[in-house]
Amino acid sequence: MDLFDYMREKTMEQESPLAQRLRPSTIEEVVGQEHIIGKDKLLYRAIKADKISSIIFYGPPGTGKTTLAKVIANSTQAEFIQMNATTSGKKEMQEAVEKAKNNLGMYQKKTILFIDEIHRFNKAQQDYLLPFVEDGTVILIGATTENPYFEVNGALISRSNIFELHPISNEGIRTLIERAVYDEEKGMGTYGAQIDEDALEFLADMAEGDARTALNAIELGILTTEPSADGRIHITLEVAEQCIQRRAFRYDKAGDNHYDTISAFIKSMRGSDPDAAVYYLAKMLDAGESVTFIARRIMICASEDVGNADPQALQVAVAASQAVERIGMPEARIILAQAVTYVASAPKSNAAYMAVDDALALIRTKRVSGVPNHLKDAHYKGAAKLGHGIGYRYAHDYNNHYVRQQYLPDELVGTKFYQPTENGYEKTIKDHLQFLAEQADEDGDAGNN
């Protein structure tokens, strides 16, 4: 490193954002992620022993993926090369691999290659790395906000340890904010700022586990707030609210958050929790999720999970779907909320869903002779000569508009697909079917049910 490089690096350290300056240098300084860097955990032991193998860090923004990579860089005797997949290409990778080969061949020194946003490399770029990861030329550390099992080459996945990072707890965010305000070496302690307890609690809560969001907010607050009469900068609740006006929740319509949220939404409706269902509805709406997509999921739930326990649930869901397409936001939120709370509060049955799936499974595995002759169409030319329709009994000619006769193919007589539950209106259906069966027994009708 020459004098100009040194001066540039020192200037960047001084002028870089607070979140960058406050990065931990050692693993003991890291806040959060105790599930992977606790003292008895594999990653902690590997870092301390300088025995890192290929790793992929996966988690939401601001949870410490790059921070952990930097900690590893500070803890290892290996050469550490960093690149970002958004700005680097194959040329940079080739240069890194060539350097790693020289390190290994000439100095018996390992090379750690850290690739931020690794999911942004295309398949060919990821494939290029594979043989060098496999033969130990480089130790790969990848960081991604996307599910690596979807976005990263399967062969790289199989040769790496996957560590999922979680949003940092409110207590952890509080620790980082206090460190930012009062630390004079890395933080902004030289400004003489002071943060009120309610402002601290507010920022920790609003950050939603994203350390960068919290640190950016406190940096903005300190830099833009005039000192009070006592000479100190006071970060009050009012100042904090101005610095982070919107909760930084995560919702990527093409990523894990989308699937996790819609899963929780459906499971809340299925589980008869209208409060949770409305919460996830609001989260999707606020993130700009398509109202037609949400409406489709409500219709599916109304049939799959409510079914005949409350047949009106499907009518409500279909009506809501039609209405939101005609009306749009913001009024569509009210219509969706009505449908969601109705479906969530309705009695539940998946009997119809199970019935059709059981029937499909049987059709695909069991060979049957076909439709019984007496049920076949008797109107086309020659049908009577073939015996089609002969012996069919018209249900409306009998008591209660019901007559017992065989409807299933011969091989399936007596098979039950639809098993009504005791829930809601389905109990009425079950009682009605039982009544018909008993009535037929009393009438002594021949044939099979």
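Reading the values: rules and limits
- Residues numbered from 1 in each chain as written.
- Predicted model: local features only at pLDDT ≥ 70, side-chain atom pairs only at ≥ 80, totals over all residues.
- Heavy atoms only, no water.
- Helix = DSSP H or I, 4+ residues; strand = E, 2+ residues; numbered from the N terminus.
- Rg over C-alpha atoms; globule rule 2.2 N^0.38 Å.
- Buried < 20%, exposed > 50% of the residue type's maximum accessible area, 1.4 Å probe, protein only.
- Contact = heavy atoms within 4.5 Å.
- Areas by Shrake-Rupley, 256 points an atom, 1.4 Å probe, with all protein chains shown as cover.
- Axes fitted to C-alpha atoms, helices over the stretch in contact; angles between N-to-C directions.
- Parallel < 35°, antiparallel > 145°, perpendicular 65-115°, else oblique.
- Nonpolar A, V, L, I, M, F, W, Y, C, P; charged D, E, K, R; others polar.
- pLDDT = per-residue confidence, 0-100.
- Pairing = 2+ DSSP bridges.
- Expected span 1.5 Å × (residues − 1).
- Arc of directions from axis to C-beta.
- Core = buried A, V, L, I, M, F, W, Y, C linked by side-chain atoms within 4.5 Å.
- Salt bridge = Lys/Arg side-chain N within 4 Å of Asp/Glu carboxyl O.
- Phe/Tyr/Trp six-rings, centres within 6.5 Å; stacked < 30°, edge-to-face > 60°.
- Lys, Arg positive; Asp, Glu negative; His and termini not counted.
- Polar contact = N/O pair within 3.5 Å; in protein donor to acceptor, adjacent residues only side chain to side chain.

1. A few points about the overall build of the protein chain
Thought 1: Along its length, the protein chain carries 20 helices and seven strands.
Thought 2: Over its C-alpha atoms the protein chain spans a radius of gyration of 33 Å, topping by over 25% the 22 Å that the globule rule assigns to 449 residues.
Thought 3: Dimensions of the protein chain, computed from C-alpha atoms along their principal axes, come out at roughly 105 × 65 × 40 Å.
Thought 4: Taking all 449 residues of the protein chain together, 43% fall into the buried category.
Thought 5: Taking the contacts inside the protein chain whose residues are at least 6 apart along the sequence as the reference set, 72% of them involve residues at least 24 apart.
Thought 6: Working note: accessible area of the protein chain is about 24500 Å², and carbon and sulfur atoms make up 51% of it.

2. Details of the packing of helix α17 (residues 312-327) against helix α18 (residues 332-345)
Thought 1: Put simply, α17 and α18 touch, their axes get as near as 9 Å, and they point 170° apart. For the element pair α17 / α18, the angle class is roughly antiparallel. For the pair formed by α17 and α18, the contact residues are Gln312, Ala313, Val316, Ala320, Ala323, Val324 and Ile327 on the first element and Ala332, Ile335, Leu336, Ala339, Tyr342 and Val343 on the second.
Thought 2: Here the residues of the contact of α17 with α18 sort into 12 nonpolar, one polar and no charged.

3. Considering the confidence of the model for the protein chain
Thought 1: Looking at the protein chain, the pLDDT average stands at 86 and 92% of residues meet or exceed 70.
Thought 2: Least confident of the elements in the protein chain is helix α1 (residues 3-15), whose mean pLDDT is 53; most confident is α18, at 95.

4. Regarding the pairing of strand β4 (residues 139-144)
Thought 1: The element β4 is largely enclosed, with a buried count of six among its six residues.
Thought 2: Both faces of β4 are covered, namely the face carrying Ile139, Ile141 and Ala143 and the face carrying Leu140, Gly142 and Thr144.
Thought 3: Both strand β3 (residues 111-116) and β4 contribute to a ladder of five bridges, which runs parallel. Bridge pairing links Leu113 to Leu140 in β4.

5. Topic: α18
Thought 1: Taking 1.5 Å per residue as the helical rise, α18 with its 14 residues ought to reach 20 Å, and the 20 Å between its terminal C-alpha atoms agrees with that figure.
Thought 2: All of the buried residues in α18 are Ala332, Ile335, Leu336, Ala339, Val340, Val343 and Ala344. All buried residues of α18 fall inside an arc of 155° around its axis, so they share one side. Exposed and oriented more than 90 degrees from the buried face of α18 are Ile334, Gln338 and Ser345.

6. Let's talk about unusual backbone geometry
Thought 1: Here the residue pair Met329 and Pro330 is connected by a cis peptide bond, since its omega of 10° sits within 30 degrees of zero.
Thought 2: By the element assignment, Pro330 lies in the loop between α17 and α18.

7. As for the nonpolar core
Thought 1: In this structure, Ile173, Ile177, Ile195, Leu203, Ile218, Ile222 and Ile235 are the most contacted members of the largest nonpolar core, which totals 32 residues.
Thought 2: Discounting chain neighbours no more than four positions away, the residues touching Ile222 are Val181, Met188, Tyr191, Ala193, Ile233 and Ile235.
Thought 3: Formed by 29 residues, the second largest nonpolar core is a distinct cluster that contains Phe265, Ile266, Ala277 and Val316.

8. Some details on the sheet that holds strand β1 (residues 55-58)
Thought 1: The strand order across the open sheet formed by five strands is β2-β3-β4-β1-β5, and the pairing between neighbours is parallel. Looking at strand neighbours, the two that pair on one side only are β2 (79-84) and β5 (161-164), the edges of this open sheet. The mean angle between the axes of side-by-side strands here comes to 15°, regardless of whether they run parallel or antiparallel.
Thought 2: Against the sheet, helix α6 (residues 90-107) touches β2 and β3, its axis set at about 175° to β2.

9. Re the pattern of salt bridges
Thought 1: As enumerated under the stated definition, the model contains 15 salt bridges in all.
Thought 2: For the salt bridge of Glu29 with Lys186, the shortest nitrogen-to-oxygen distance reads 3.4 Å. Highlighted residues: Glu29 in the loop between α2 (18-21) and α3 (34-37) and Lys186 in the loop between α10 (170-182) and β6 (193-195), separated in sequence by 157 residues.
Thought 3: Judged by relative accessible area, Lys186 falls into the partly exposed class, the value being 21%.

10. Here we look at the packing of aromatic side chains
Thought 1: Scanning the model with the defined rule gives four aromatic pairs in all.
Thought 2: With a centroid separation of 5.0 Å and an interplanar angle of 70°, the aromatic rings of Tyr279 and Tyr280 are classed as edge-to-face.
Thought 3: Accessibility expressed as a relative area gives 23% for Tyr280, which makes it partly exposed.

11. Comments concerning the side chain of Lys348
Thought 1: Examined against the element boundaries, Lys348 turns out to sit in the loop between α18 and α19 (351-365).
Thought 2: Although Lys348 lies buried, it forms no salt bridge, and the closest oppositely charged side chain, Asp305, sits 8.0 Å away as judged by the N-O distance.
Thought 3: Within the structure, the side chain of Lys348 is placed 3.4 Å from the backbone oxygen of Met269, a separation counted as a polar contact.
Thought 4: Polar contacts involving the side chain of Lys348 include one to the side chain of Ser272, which spans 3.0 Å.
Thought 5: Non-local contacts of Lys348, meaning those with residues more than four positions away in its chain, are made with Met269, Arg270, Ser272, Asp305, Val306, Ala309, Val343, Thr421 and Asn423.

12. Looking at helix α4 (residues 42-49)
Thought 1: All buried positions along α4 are accounted for by Leu43, Tyr44, Ala46 and Ile47. Considered in projection along α4, the buried side chains sweep an arc of 165° and stay on one side of the axis.
Thought 2: Where the residues of α4 are buried, they touch α3, β1, α5 (65-75) and β5.
Thought 3: Just beyond α4, the residue with positive phi is Asp50, at close to 55°.

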